[in-house]
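Topology and contacts: notes
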Amino acid sequence: MTRLAGVAQLGVPAALVVAVGIGSTFVSAANEIYFLDALISVAIVVAIYVFVGNSGVLSFGQVSFVAVGAFAAGVMTIPLESKTGVLPQLFPILRDHTVGNVVSLALAAAVGGILAFLVGLPLMRLSGLAAGIATFAVLEITHNLLREWTKIGPGATTLSLVPETTGALQATIGALIATCVAFAYQRSRLGRQLRASREDAAAARGVGVSVHRQRLLAFTVSGALAGFAGALLVHELGSITTEQVYLELTFLTLAMLVVGGVSSLWGAVVGALAVSGLNSFLIEAEDGVGAVDLPSGSRLILLGAIMATVLILRPSGITGGREFSLPGLR
Amino acid sequence: MSVLAALDAQTVVDAVGLGAVYALMAVGIGLVFGVLRLVNFAYGQLIMAGAYTIAFTSTWPVPASIAACFVVVVALSMLMDRVVFRPLRGQSPAVMLVTTFAIAFMLQAIALMIDIRDDTIGEIATSIASFNQATTVAGVDVRKITIAAVIVAAVTLGLLALLLGRTTIGLHMRAAATDFGTARLLGVRANRVIGFAVFLSGLLAATVAVILTVQFPFVGPDFALRETIVVLVGVVVGGIDRLWTATLGGFAIGFATGIINGVLPTDKSVFLPSAVFALVILVLLLRPAGLFAWGRAAAAERV
């Protein structure tokens, strides 16, 4: 593969992300939210892709790290003067300290990564459906603890008063960071070892790849990116509940990845942008866009039907699970 | 047994009732998985459709209402097979599973659209709620529907055992579940076997719809969603490769949930999901091929 092809594989998805970011500055404030949602979806789906795409092991658990990242960044950036009032039951160390925007993003990535490492240590021995269900169990436990344990967060109430620092710039840079980290990882020696094990685990082991260790590494990187994406999300919304980072987000982001093409970074970016773009269009169409005026409530029906149709007609996703390439560029 | 003996009889009875319903759902999911290798996430929406049918026909005589439920659920199940499962045959498990997510989303959205016409979300199935009354047997409150659920589950599983073990179509289904490619080479007709499995799984979904609607007469678009997720987990924990281990898995997770709920102190009962799913992870780590899968298969799938 030439250097140019490698540049295109990162450059084109990155350029697409930047284009969406620039596009968001040309639309009204009411529509900007759709562009920011799309960019944050890219960050989350790329995070999931780092593990699921490279390892070939299905995980329903990555959104737990999004949730943990979102609540870590949210709780730690609420201004001190209001924190004791809204979250009186927090552990003192969480209650009496507040950090800035950038530190909170790094903190969320660290918390997501550490948690993913600890969870992955035993779980990465599993594969197939058992791995899928075990990671789903992680999501359930994370959700349950975040929802009920008021010493670490708001519990079942809404976490609000989080500074809304994720604008066009932060969302674009965030999505770019996720994309670049994913690209750097999959091109590294370690990433290639994991991709080899995805194609044939026995053969990979035969040439000395420790499948468990490589999966654990990808799971940790994915967890850190997911935590980071969660921080972007909470700083976009300003307030969040545990339900927003639970089942629906898990299914939607996994669907984005599979619709785009599960085994390529290009697929993750395209899937996230295509599905969130379609979703935004349908939201607007329910209120009437030009000649299109859909009845209220038809959005989810169409979204489900279109996603199912894409998967039936093109099971390997829009991109076919391949990286971006131009004819003649090899 | 000492742990069980320490529990009060009420907890055990409730746990068995829950386990029986989950076992029925597990059979429905396991049957389709056996012939199609497809984890049908939209199974809960079949049950939801049945529950809505009962709620919307509340003014009808109860047998007619239940019959309508069976017709709607079985028809929807067959339609799902024809439109969605058939084109997906042979695809990777991830693609099939995610497609059924999309279908589940779509069916929920359709249900919401139909439901919201009266400007409220949720319908109440009034006609069959009376079966939910409790009778007291030896100091233990047993709801009639719990007894019915246990009997229905036992009878259904017995009939299914006869069907699979003693009839030609049952033999074909078992052959297909073991090795679909070879079974087809030996003359098993794929569409017939799959169609029959989907039909049976639709019948089971309708049965569960009736039982659940009696227990929870308030029907919303997310009816049975939670139960389906838990049963899917139970089926994999039990061992999805065989129908009996899948069924036992479904029963086990229902039973375990009931028992843990009875054992947890009241102020800790909000952490019930954490306790159940921690147990799930533990079992998966110790027996990745399934809690009830014995022999060589149990050692497979380890990295």
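Since the model is a prediction, treat every value here as computed from it, not as a measurement. (Residues numbered from 1 in each chain as written. Chains lettered and ligands numbered in written order. Predicted model: local features only at pLDDT ≥ 70, side-chain atom pairs only at ≥ 80, totals over all residues.)

**Concerning the overall build of chain B**
We apply this condition: Going along the chain from the N terminus, every DSSP run of H or I of four or more residues is numbered as a helix, and every run of E of two or more is numbered as a strand. For a compact globule the rule gives 2.2 Å times the number of residues to the power 0.38, and the radius of gyration it is set against comes from C-alpha atoms. Here exposure depends only on C-beta density: within 10 Å of a residue's C-beta, 20 or more other C-beta atoms make it buried, 12 or fewer make it exposed, and intermediate numbers make it partly exposed, the C-beta atoms being placed from the backbone.
Along chain B, the regular secondary structure elements total 12 helices and four strands. The globule rule puts the C-alpha radius of gyration for 303 residues at 19 Å, and the 19 Å found for chain B is close to it. Counting the 303 residues in chain B, one finds 50% classified as buried.

**Some points on the overall build of chain A**
Let me state the cut-off plainly: Once C-beta atoms are placed from the backbone, any two residues with those atoms within 7 Å are in contact.
Counting its secondary structure elements, chain A contains 14 helices and zero strands. Taken from the N to the C terminus, the helices and strands of chain A come in the order α-α-α-α-α-α-α-α-α-α-α-α-α-α. Whereas a compact globule of 330 residues would reach a radius of gyration of roughly 20 Å, chain A reaches 20 Å, a difference of no more than 12%. For chain A, the C-alpha atoms occupy an extent of roughly 60 × 55 × 35 Å along the three principal directions. Expressed as a percentage of the 330 residues in chain A, the buried residues total 53%. Put simply, 80% of the contacts in chain A that link residues at least 6 apart link residues at least 24 apart.

**Description of the interface of chain A and chain B**
Going by this rule: Three categories are distinguished: nonpolar for Ala, Val, Leu, Ile, Met, Phe, Trp, Tyr, Cys and Pro, charged for Asp, Glu, Lys and Arg, and polar for the others, with Gly belonging to the last.
Contacts between the two partners involve 35 residues from chain A, matched on the other side by 36 residues from chain B. Elements represented by at least two residues in the side of chain A that touches chain B include exactly helix H7 (128–148), helix H11 (211–237), helix H12 (247–260) and helix H14 (298–313) of chain A. Broken down by element, the side of chain A that touches chain B gets its largest block of residues, 12 residues, from H7(A). A per-class count over the side of chain A that touches chain B returns 26 nonpolar, six polar and three charged.

**Regarding helix H10 (residues 225–238) of chain B**
Rules: By this rule, a helix spans an expected 1.5 Å times one less than how many residues it contains.
Over its 14 residues, H10(B) extends 20 Å from the first C-alpha to the last, a length consistent with the 20 Å expected when each residue adds 1.5 Å. With 11 of 14 residues buried, H10(B) is to be regarded as a mostly interior element. Looking at the buried side of H10(B), the elements it contacts are H7 of chain A together with helix H2 (9–36), helix H3 (43–56), helix H11 (243–263) and helix H12 (272–286) of chain B. In the stretch just after H10(B), B:Gly239 is the one whose phi turns positive, near 125 degrees.

**What to know about the nonpolar core**
Inclusion rule: Under the definition applied here, buried Ala, Val, Leu, Ile, Met, Phe, Trp, Tyr and Cys residues are grouped into a nonpolar core through C-beta atoms within 7 Å.
Judged by nonpolar contacts, the single largest core of 211 residues is most densely connected at A:Val42, A:Val46, A:Ala229 and B:Ala51. Each residue touching B:Ala51, except ones within four places of it in the same chain, is listed here: B:Ala125, B:Ala209, B:Leu212, B:Thr213, B:Val219, B:Phe223 and B:Ala224.

**Some details on the packing of helix H1 (residues 3–24) of chain A against helix H13 (residues 265–287) of chain A**
All names here are of chain A. Note the following rule: Working convention: axes come from line fits to C-alpha atoms, limited for helices to the stretch in contact. Angles between N-to-C directions cover 0 to 180 degrees. With respect to orientation, any angle under 35 degrees is reported as roughly parallel, any angle over 145 as roughly antiparallel, any angle of 65 to 115 as roughly perpendicular, and every other angle as oblique. Throughout, a crossing is termed right-handed when the near helix is turned clockwise from the far one, and left-handed when it is turned anticlockwise from it by less than a right angle.
The interhelical angle for the contact between H1 and H13, taken along N-to-C directions, is 20 degrees, at an axis separation of 10 Å. When the axis of H1 is compared with that of H13, the two are roughly parallel. H1 and H13 meet at a crossing whose hand is left-handed. Between H1, through Pro13, Leu16, Val17 and Val20, and H13, the contact on the second element is made entirely by Leu265, Trp266, Val269 and Leu273. Counted by class, the contact of H1 with H13 contains eight nonpolar, no polar and no charged residues.

**Some words on the packing of helix H7 (residues 168–178) of chain B against helix H9 (residues 190–215) of chain B**
All names here are of chain B. Following both chains from N to C, one finds H7 and H9 inclined at 100 degrees, their axes separated by 10 Å at the closest point. The angle between H7 and H9 places the two elements in the roughly perpendicular class. Of H9, the residues touching H7 (which contributes Ile169, His172, Met173 and Ala176) are Val193, Phe196 and Ala197. When the residues that make up the contact of H7 with H9 are grouped by side-chain class, the tally is six nonpolar, one polar and no charged.

**Side note on the environment of A:Gly321**
Residue and element names in this part refer to chain A. Mapped onto the secondary structure, Gly321 falls in the segment after H14. Linking Gly321 and Gly23, residues 298 residues apart in sequence, is a C-alpha distance of 27 Å. Those residues in contact with Gly321 that lie beyond four places of it in its chain are Gly261, Val262, Ser263, Ser264, Gly267 and Ser316.

**Here we look at unusual backbone geometry**
Residues and elements named next belong to chain B. Unusually for a residue other than glycine, Asp119 sits at a positive phi of about 70 degrees. Position of Asp119 among the secondary structure elements: in the loop between helix H5 (93–115) and strand E1 (123–124). Classification of Asp119 by C-beta neighbours within 10 Å gives exposed; the count is 5. Even without glycine at this site, Ala224 takes up a positive phi of about 70 degrees. By the secondary structure assignment, Ala224 is in the loop between strand E4 (218–219) and H10.

**Quick word on the confidence of the model for chain B**
Low pLDDT means the predicted coordinates in that region are not meant to be read closely. Residue and element names in this part refer to chain B. Heads up, the condition is: The quantity known as pLDDT measures the predictor's confidence residue by residue, on a range of 0 to 100.
When the pLDDT values of chain B are averaged, the result is 85; 94% of them are 70 or greater. Averaged over each element, pLDDT in chain B is lowest for helix H1 (residues 2–6) (50) and highest for H3 (94). A low-confidence stretch, residues 298–303 (pLDDT under 50), is modelled with 16 contacts involving residues beyond four sequence positions or located in other chains. With a pTM of 0.88, the predicted complex shows an ipTM of 0.86.

**So, H3(B)**
Between the first and last C-alpha of H3(B) there are 20 Å, a value that for 14 residues agrees with the 20 Å anticipated at 1.5 Å per step. Along H3(B), 13 of the 14 residues are buried, which leaves the element largely enclosed by surrounding structure.

**Quick look at the confidence of the model for chain A**
In the predicted model, chain A carries a mean pLDDT of 88, and 98% of its residues have values of at least 70. Of all the helices and strands in chain A, helix H5 (residues 92–95) of chain A carries the lowest mean pLDDT, 78, while H11(A) carries the highest, 95.

**Some details on the environment of A:Arg215**
Residues and elements named next belong to chain A. With respect to the helices, strands and loops of the structure, Arg215 is situated in helix H11. Between the C-alpha atom of Arg215 and that of Leu123, which follows or precedes it by 92 residues, the distance is 9.8 Å. Beyond its immediate chain neighbours, meaning those up to four positions away, Arg215 contacts Ser55, Val57, Met124 and Leu194.

**A few points about the environment of A:Ser316**
Residues and elements named next belong to chain A. Note on placement: Ser316 falls in the segment after H14. Residue Ser316 is classed as partly exposed on the basis of its C-beta count, with 18 C-beta atoms lying within 10 Å. For the pair Ser316 and Leu129, spaced 187 residues apart in sequence, the C-alpha to C-alpha distance is 19 Å. Residues within four places of Ser316 in sequence aside, it is in contact with Gly261 and Gly321.

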